[in-house]
Amino acid sequence: MTANKEIKTIGVLTSGGDAPGMNAAIRAVVRRGLSRGINMKGIKKGYSGLLNEEIIDMTAVNVSDTIQKGGTILQTARCTEMRTPEGQQRAADVCRKHDIDALVVIGGDGSFAGAQKLANLGINTVGVPGTIDLDIACSEYTIGFDTAVNTAMEAIDKVRDTSTSHERVSIIEVMGRNAGYLALWCGIANGAEDVLLPEKYDYDEQKIINNIIDNRKKGKKHHIIINAEGIGHSEAMAKRIEAATGIETRATILGHMQRGGTPTCKDRVYASIMGAKAVDVLLEGKTKRVICYRDGEYIDMDINEALAMKKTISEYQFEVSYSLSHNYSKNPR
């Protein structure tokens, strides 16, 4: 779809959950726009800040010394009002009031849905995928996942050390909402004995208990279970497993530490290229697009098409995670 008018001012916001690398994307949007002679505005606190007109002018200095920082310098917030037609219309009106011709939205599917609505109301929009959950189907990469999965991996390594010392079972809960990509990657990277994914788990806890007992008989000194946030209830699960096996079982919920920290090189570079690409796409006269990383290339696609796509767990990766664990003699659940 082509842009509605010549673009002189571009706004940028981050919406939904924060993710390491968002600042690299903001920096790239601002500096790419300035290099093309565009006025740049930052919108604080996502769609909530847009509705409250928390809008500031952005210069190269505003984004200086930010690429290495976690979180988002523009801050973010959930905004239920943006889900209503009245809120969407008011957001479009605020954009026009502040002469914002186009908007770059950095966030996940919910953020893209807001961008889609704004585009329908005549505001040129481009989405950039920013979420640690890796759950945006149109893109093989989302800003923040690489940092988050490395943070979780390092934490799980530390838990494994103490779990081995005490010959414990450890249930480690990672984030990801209803998506299991963080859990799957950690399961493979940390050599977990069991990986519980929302997309695959059948809630047959007896299988896990039998696996723990079998492994202990084989001389295994610890047992690591990676549990996805979408399954949750790790503390209660630990109590049940300890009661059933007689083996001390502890739950560790990694929580929001996975959202913070210095972004990895990959998250900085990919986010920077995606941010610059978003500006380029707008200045090419396009709107209602999403920036994606697919097959080694940075591309843009229609936002309606992007939101309609569904992402699934790779059957092959899932099977590999089991074949490399002590479940190799069992069928994946």
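Computed from a predicted structure; not experimentally measured.

Examining the overall build of the chain
Move 1: A tally of regular secondary structure across the chain gives 11 helices and 11 strands.
Move 2: Relative to its length of 333 residues, the chain is compact, with a C-alpha radius of gyration of 22 Å against a globular reference of 20 Å.
Move 3: Across its three principal directions, the C-alpha atoms of the chain cover 70 × 35 × 35 Å.
Move 4: By residue count, 55% of the 333 residues in the chain fall in the buried class.
Move 5: Pairs at least 24 apart in sequence give 74% of the contacts found in the chain among residues at least 6 apart.
Move 6: Counting only carbon and sulfur atoms, one obtains 48% of the accessible surface of the chain, whose full area is about 14,000 Å².

Quick notes on the packing of helix α7 (residues 205-217) against helix α8 (residues 234-245)
Move 1: Closest axis-to-axis distance for the α7/α8 pair is 10 Å, and the angle between their directions is 50°. Relative to α8, the element α7 lies oblique. Between α7 and α8 lies a crossing whose hand is right-handed. Across the interface between the two elements, E205, I208, I209, I212 and I213 of α7 pack against M237, R240, I241, A244 and T245 of α8.
Move 2: Along the lines of polarity and charge, the residues of the contact of α7 with α8 split into 7 nonpolar, 1 polar and 2 charged.

Observations regarding the pairing of strand β4 (residues 102-107)
Move 1: With respect to burial, β4 is a largely interior element, 6 of its 6 residues being buried.
Move 2: Residues A102, V104 and I106 of β4 are buried on one face, and the alternating residues L103, V105 and G107, pointing to the opposite face, are buried as well.
Move 3: Two strands pair when backbone bridges link them, and strand β1 (residues 9-14) and β4 are joined in this way by 5 bridges, in the parallel orientation. Looking at the pairing, G11 lines up with L103 of β4.
Move 4: Note that β4 and strand β5 (residues 124-129) share 6 bridges and pair parallel.

Examining the side chain of R289
Move 1: By the element assignment, R289 lies in strand β10 (residues 289-294).
Move 2: At a separation of 2.9 Å, a polar atom in the side chain of R289 contacts the side chain of D300.

Quick word on helix α4 (residues 109-120)
Count 3.6 residues to each turn of an α-helix, and residues three or four apart come out pointing the same way.
Move 1: The end-to-end C-alpha separation of α4 is 16 Å, in line with the 16 Å expected for 12 residues at 1.5 Å each.
Move 2: Regarding α4, the residues found buried are S111, F112, G114, A115, Q116, L118 and A119.
Move 3: Where the residues of α4 are buried, they touch α2 (46-51), α3 (85-97), β4, β5, β10 and α10 (303-308).
Move 4: The first or second residue beyond α4 is G122, which carries a positive phi of 95°.

What counts and how
- Residue positions are counted from 1 within each chain, in the order its sequence is given.
- Totals for whole chains, interfaces and linings use every residue, but because this is a predicted model, local features are given only for residues with pLDDT of at least 70 and side-chain atom pairs only at 80 or more, for both listing and counting.
- Hydrogens are left out, water is left out, and the side-chain values use all remaining heavy atoms of the structure.
- Put simply, DSSP marks the helices as runs of H or I at least four residues long and the strands as runs of E at least two long, and each gets a number from the N terminus on.
- Here the radius of gyration uses the C-alpha set of atoms, whereas the globule reference equals 2.2 Å times the residue count to the power 0.38.
- Categorising residues by exposure relies on relative accessible area from a 1.4 Å probe, with only protein chains included: less than 20% of the type maximum marks a residue as buried, more than 50% marks it as exposed, and the intermediate range marks it as partly exposed.
- When checking whether two residues touch, look at their non-hydrogen atoms; a contact exists if any pair is within 4.5 Å.
- Values of accessible area rely on a 1.4 Å probe in the Shrake-Rupley scheme; residue burial ignores everything except the protein chains shown.
- Angles shown run from 0 to 180 degrees and are taken between the N-to-C directions of axes, each axis being a line fitted to C-alpha atoms and, for helices, limited to the stretch in contact.
- Roughly parallel means an angle under 35 degrees; roughly antiparallel means over 145; roughly perpendicular covers 65 to 115; every other angle is labelled oblique.
- Whether a crossing is left-handed or right-handed is set by the direction in which the near helix is turned from the far one by less than a right angle, anticlockwise for left-handed and clockwise for right-handed.
- Residue polarity follows a fixed list, in which Ala, Val, Leu, Ile, Met, Phe, Trp, Tyr, Cys and Pro are nonpolar, Asp, Glu, Lys and Arg are charged, and the others, Gly among them, are polar.
- Strand pairing is defined by DSSP finding a minimum of two bridges between the two strands.
- Identification of polar contacts relies on pairs of N or O atoms within 3.5 Å, with a donor-acceptor requirement for protein atoms, meaning one able to donate a hydrogen and the other able to accept it, and with residues adjacent in sequence counted only if both atoms are side-chain atoms.
- To estimate how far a helix should extend, the number of its residues minus one is multiplied by 1.5 Å.

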